[in-house]
Amino acid sequence: MLFDDPTTIRGRNSQYDDWYEGFDNNSDYFIVEIDSRHDHQTSYCFAVNSLGVKADYMIYDDDPEKIDDEWNERWDAKVSRSNNGWMIEYSIPLRILRYSNNTDMGINFIRYIKNSNEYISWLALPRETKGVVSHYGHINNLIISPSKYLSVKPYVLSGDTYYNDNYYPDFDEDLVELDSVSNNKKVGINLKYLIDNHSSLEIVFNPDFGQIEQDPSEINLTGYETYFEEKRKFFIENSSLFITPIDIFYSRRIGGEITLDNKNYLTKLNSALKVTGKNQDGTSYGILLSQSDYCIPNTSNIPEQIRGLKDNIYSSILRVSQDILDGNSYVGILNTNYNNGVNKSNVFALDGLIYFDNNRFELDGQLAFSSLNSNNGIGANFEIGYRGKIKESQKNKLLNNKIIESWVNFEMYDQEFDISKLGFLNRNNLQKIGLGIAIIQEENNYLFNRYSLSTDLLYAQNLDGNKLINQSSLNWKSVFSNYWSFNSGISFSTAHYNDRLYDYYHNSIQTKIVKIPKSNEYYFTFSSPPMNPFSFTLSTGFYKNDLLDKRNQIHLSTLLKPSTWLNIEATYEVTRGNETYHFLMVREPHEGIERNFNEPFYSLLDDQQYLFTSSDNSGQSIILHTTSYLKNNISLQLYLEYFSNKSIFGESYWILENDLEYPSLEQNMNHLGDIDDINLKYRANYCSAIVNYVFKWEFKQNSNLYLVYSYYKEVNGKNIGFKDIINYKYNEAEPVEIFLDHSIFIRCDFWLDI
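Residues numbered from 1 in each chain as written. Predicted model: local features only at pLDDT ≥ 70, side-chain atom pairs only at ≥ 80, totals over all residues. Heavy atoms only, no water.

Chemist: Summarise the sheet that holds strand E6 (residues 76-82); cite the residues concerned and give the values.
Modeler: Across the sheet, which stays open at both edges, the three strands sit in the order E1-E7-E6 with antiparallel pairing between neighbours. The open sheet has two edge strands with one neighbour each: strand E1 (2-3) and E6. Pairing of E1 with strand E7 (residues 85-91) involves two bridges; the strand directions are antiparallel. Each bridged residue has a counterpart across the sheet, and for Phe-3 the counterpart in E7 is Gly-85. (Pairing = 2+ DSSP bridges. Helix = DSSP H or I, 4+ residues; strand = E, 2+ residues; numbered from the N terminus.)

Chemist: Residue-level account of empty space enclosed by the protein, with values.
Modeler: For the structure shown, the criterion picks out three cavities of 30 Å³ or more. There is about 400 Å³ of room inside the largest cavity. Lining the largest cavity are 26 residues, with Arg-37, Thr-42, Ser-240, Leu-241 and Ser-284 positioned closest to its centre. Broken down by secondary-structure element, the contributors of at least two residues to the lining of the largest cavity are strand E13 (199-205), strand E15 (263-278) and strand E17 (313-324). Here the residues of the lining of the largest cavity sort into seven nonpolar, eleven polar and eight charged. (1 Å grid on protein atoms, 1.4 Å probe; cavity = no way out; pocket = protein on both sides within 12 Å on 5 of 7 lines; lining within 4 Å. Points joined across faces, edges and corners; volume = space filled by probe spheres on them. Nonpolar A, V, L, I, M, F, W, Y, C, P; charged D, E, K, R; others polar.)

Chemist: Describe the pattern of salt bridges, and please don't skip the residues or the numbers.
Modeler: A full pass over the atoms with the stated rule returns 21 salt bridges. The salt bridge partner of Lys-278 is Asp-323, with a shortest N-O separation of 2.9 Å. You can see Lys-278 sitting in strand E15 and its partner Asp-323 sitting in strand E17, a full 45 residues away along the chain. Lys-278 gets classed as buried once you look at its relative accessible area, which sits at 4%. Given a relative accessible area of 13%, Asp-323 falls into the buried group. (Salt bridge = Lys/Arg side-chain N within 4 Å of Asp/Glu carboxyl O. Buried < 20%, exposed > 50% of the residue type's maximum accessible area, 1.4 Å probe, protein only.)

Chemist: So what's going on with the nonpolar core? Which residues, and what values?
Modeler: In terms of nonpolar packing, the biggest core is built from 33 residues, with Ile-248, Ile-254, Tyr-294 and Ile-317 touching the most fellow members. Elements supplying a minimum of two residues to this core: helix H2 (233-236), strand E14 (258-260), E15, strand E16 (283-295), E17, strand E18 (329-339) and strand E19 (344-356). Sort the elements by how many residues they give to this core and E15 lands first, with three residues. When near neighbours in sequence (up to four residues on either side) are disregarded, Ile-254 contacts Arg-232, Phe-235, Phe-249, Leu-269, Leu-288, Ser-290, Ser-292, Ser-315, Ile-317 and Leu-422. (Core = buried A, V, L, I, M, F, W, Y, C linked by side-chain atoms within 4.5 Å. Contact = heavy atoms within 4.5 Å.)

Chemist: Can you break down unusual backbone geometry residue by residue, with the values?
Modeler: The backbone phi angle of Asn-373 is positive, close to 50°, even though this residue is not glycine. With respect to the helices, strands and loops of the structure, Asn-373 is situated in the loop between strand E20 (361-372) and strand E21 (375-389). For Ser-374, which is not a glycine, the phi torsion comes out positive at approximately 75°.

Chemist: Talk me through the pairing of strand E35 (residues 609-631); I want residue IDs and the actual numbers.
Modeler: Relative to E35, strand E34 (residues 566-587) is paired through 19 bridges, and the arrangement is antiparallel. From the neighbouring strand, Val-586 faces E35, where its bridge partner is Tyr-610. Pairing between E35 and strand E36 (residues 634-655): 19 bridges, direction antiparallel. If you follow His-625 over to E36, its bridge partner there is Tyr-639. Counting the residues between successive antiparallel strands, the hairpin from E35 to E36 contains two residues.

Chemist: Please provide a residue-by-residue account of the confidence of the model for the protein, values included.
Modeler: Predicted coordinates in areas of low pLDDT are best not read in detail. Residues of the protein with pLDDT of at least 70 account for 92%, and the chain-wide mean is 87. A low-confidence stretch, residues 592-606 stays under pLDDT 50, and its non-local contacts, those more than four residues away or across chains, total 30 contacts. (pLDDT = per-residue confidence, 0-100.)

Chemist: So what about the side chain of Asp-39? Which residues, and what values?
Modeler: Relative to the assigned elements, Asp-39 resides in the loop between strand E2 (29-35) and strand E3 (43-49). Only 3.0 Å separates the side chain of Asp-39 from the backbone nitrogen of Thr-42, close enough to count as a polar contact. Separated by 2.5 Å, the side chains of Asp-39 and Lys-278 make a polar contact. (Polar contact = N/O pair within 3.5 Å; in protein donor to acceptor, adjacent residues only side chain to side chain.)

Chemist: So what's going on with the environment of Glu-257? Which residues, and what values?
Modeler: Tracing the backbone through its elements, the reader meets Glu-257 in the loop between H2 and E14. By relative accessible area, Glu-257 is classed as exposed at 54%. Spatially, the C-alpha atom of Glu-257 lies 9.4 Å from that of Tyr-294, the residues being 37 residues apart in sequence. Residues in contact with Glu-257, not counting those within four places in the same chain, are Asn-264, Tyr-265 and Leu-266.

Chemist: Got a sec to walk through the packing of aromatic side chains? Specific residues and values, please.
Modeler: Applying the stated criterion to the full structure yields 32 aromatic pairs. Relative to Phe-109, the ring of Phe-30 has its centre 6.2 Å away and its plane inclined at 25°; by these criteria the two rings are stacked. In this pair, Phe-30 sits in strand E2 while Phe-109 sits in strand E8 (residues 105-113), placing the two residues 79 residues apart along the sequence. Under the relative-accessibility criterion, Phe-30 is labelled buried at 16%. Assessed through its relative accessible area of 29%, Phe-109 is described here as partly exposed. Residues Phe-699 and Phe-750 carry aromatic rings whose centres are separated by 5.9 Å and whose planes lie at 70° to one another, so their mutual orientation is edge-to-face. Here the residue Phe-699 occupies a position in strand E38 (residues 685-700), and Phe-750 occupies one in the loop between strand E40 (737-749) and strand E41 (752-753), the gap between them amounting to 51 residues. Of the aromatic side chains, those joined through ring pairs into one cluster are Trp-19, Phe-23, Tyr-29, Tyr-57 and Tyr-112. Looking at Lys-274, its charged tip hangs above the ring of Phe-234, at a distance of 4.7 Å from the centre. Its end group placed over the ring of Tyr-155, Arg-747 keeps NZ or CZ at 4.6 Å from the ring centre. (Phe/Tyr/Trp six-rings, centres within 6.5 Å; stacked < 30°, edge-to-face > 60°. Lys NZ or Arg CZ within 6 Å of the ring centre and 35° of its normal.)

Structure (structure tokens):
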């Protein structure tokens with residue numbers, strides 16, 4: 001029984017496991033957290049809001065910030081109301097919990113009251129204390145019988161994708177016009193078998209990983225890959241076991257694009273197997289195997305040796321970790337193997353997480369060894385942190401009862417360290433050290449609910465000693481007593497170097513080293529209370545360097561909740577700036593040039609040239625996302641996105657003659673040929689539109705029917721609005737490329753327990 005005035009109880013409709021819509025700052029809710037293994041690290045959590053919406057998740061590593069929201073099981077709960085408040089009746093089958101023949105479990109209860117924004121936990125901990133599961137209460141002397149069960153999740157899918165593209169596969173070739181239809185009719189199955197109460201086996205055949213929410217549009221002209229979050233349930237569930245300080249396993253590599261000869265090709269995941277568990281001795285283990293195929297079209301513009309690839313792509317991941325120090329810390333190993341018929345990769349890593357001094361100190365680290373086609377490398381990542389409370393003192397009243405956090409991080413990756421086949425690493429050839437300290441106030445006073453002031457230093461260099469980062473920053477974060485918030489920060493960077501120049505058209509990273517000037521950057525963020533029916537966040541940032549390059553950015557996000565069944569989110573972002581030396585391209589010897597020996601720069605034509613130009617840049621992004629809940633088990637979602645990028649290049653370009661300097665030798669842009677070709681190659685004028693519409697009916701718990709319409713169109717060479725993108729058609733008089741695909745699918749999946 002949750003006592004309360006019935007008129008103040010608040011709730012929002014949402015579908016099962018939608019924490020953001022149905023719980024977070026939106027509803028009264030209650031959570032039962034169970035450490036069924038009694039390992040003081042892992043907790044299985046069951047949440048119910050005041051309208052009966054359910055959600056489940058898992059906490060791992062004894063850290064409330066480490067959440068596996070894709071842990072899903074079949075359980076039930078019912079709610080009712082009375083004049084004294086509201087009541088919940090839980091039904092949680094013991095077979096869905098993981099335990100190792102133990103008779104004890106940990107437990108905690110949490111209640112949130114939206115009307116007063118009050119968070120109540122049965123487990124009361126000092127704010128400076130790290131950990132949560134290790135402090136649970138205990139249930140003793142249980143008698144639990146072991147159980148096994150099999151869950152079967154078949155699915156069927158049917159739909160068509162329509163393509164209408166106009167593009168240049170190579171700018172020395174004619175325009176390609178593609179107008180085709182792809183029919184998709186698929187049947188697949190996911191089998192999950194509970195081997196015992198601490199181990200499970202999951203196998204998926206012919207999986208469908210269609211996504212409702214696409215990755216955000218972007219133009220990445222840097223030498224650093226963009227990290228995208230995993231959205232496929234098979235890889236997300238129990239993924240915490242494979243998370244380590246270095247991203248040795250990045251699951252988006254499996255069934256994703258593959259790079260061969262600097263060009264990207266699609267692959268298709270056919271099957272995957274995963275075994276995960278933890279025994280009564282505190283040993284966690286996980287095995288993941290997958291098999292994929294190439295999806296390379298048999299067209300003349302693709303090299304024959306690549307078109308002829310018939311090998312399967314095999315991946316394997318092995319993870320073992322062992323609890324130590326009474327189960328509050330662990331050490332482990334991780335091994336990945338990859339073979340695509342062209343490349344063979346093996347990575348072996350040792351890692352550990354150790355808490356000591358009553359969880360005030362934390363040591364987290366990993367040492368990894370890579371082998372790619374017999375090239376061997378080594379990488380390391382170590383961090384030590386501290387969190388504790390400052391004791392009262394007459395001399396330091398300003399710091400009395402404040403929480404202090406400090407950290408030191410060190411990373412090193414040699415030039416041969418390469419985990420890119422199954423992992424993610426921004427770059428190798430790097431040594432980096434970061435350190436920081438924060439003062440935090442988490443006890444409410446008349447002005448603030450909480451605030452923090454932090455400063456940190458970051459320095460990085462490549463293994464040749466060239467300075468890549470030398471930055472210091474100061475940051476303030478605060479939440480006022482009325483739940484408005486304000487954050488701000490400033491950072492300073494000394495002159496340093498960029499040793500990774502990315503040529504977008506050739507999809508290649510160059511190791512020429514160019515100087516980057518000293519710079520300053522500022523940001524400010526202001527947010528309204530998130531529990532209000534209407535809330536917003538406004539942030540702005542400013543950048544300026546010694547070359548007078550500038551960049552300004554404004555980001556506005558809003559959330560409107562006009563009723564218990566409708567959410568409307570809107571985001572607007574605009575960026576404007578200029579660059580004196582914008583890296584444009586690498587020109588091979590004599591490429592695209594008619595010699596004129598009377599001009600001095602032709603003496604350089606026998607070498608690769610690194611070309612820079614001035615650029616005025618602007619970008620814009622608009623996103624609208626609406627969710628409507630007709631019932632707790634029926635929803636409609638609409639997602640609209642508009643993205644544009646525009647760069648206006650200068651009339652001159654500069655050649656970088658020497659490393660560690662600015663580009664210096666100036667030439668006229670006319671030497672490079674048609675400016676329209678350059679704009680197309682490097683996407684100087686680009687825009688895109690996305691439309692997703694999803695109908696979802698959960699006709700049985702974890703069994704769903706989807707109707708999905710998806711539209712994606714990009715125009716390269718022209719900068720136009722959302723409506724104009726939709727209506728735009730290819731015109732021979734305009735130098736543009738068009739990529740258009742739209743699809744409609746119906747999908748049904750089932751969850752059957754046997």
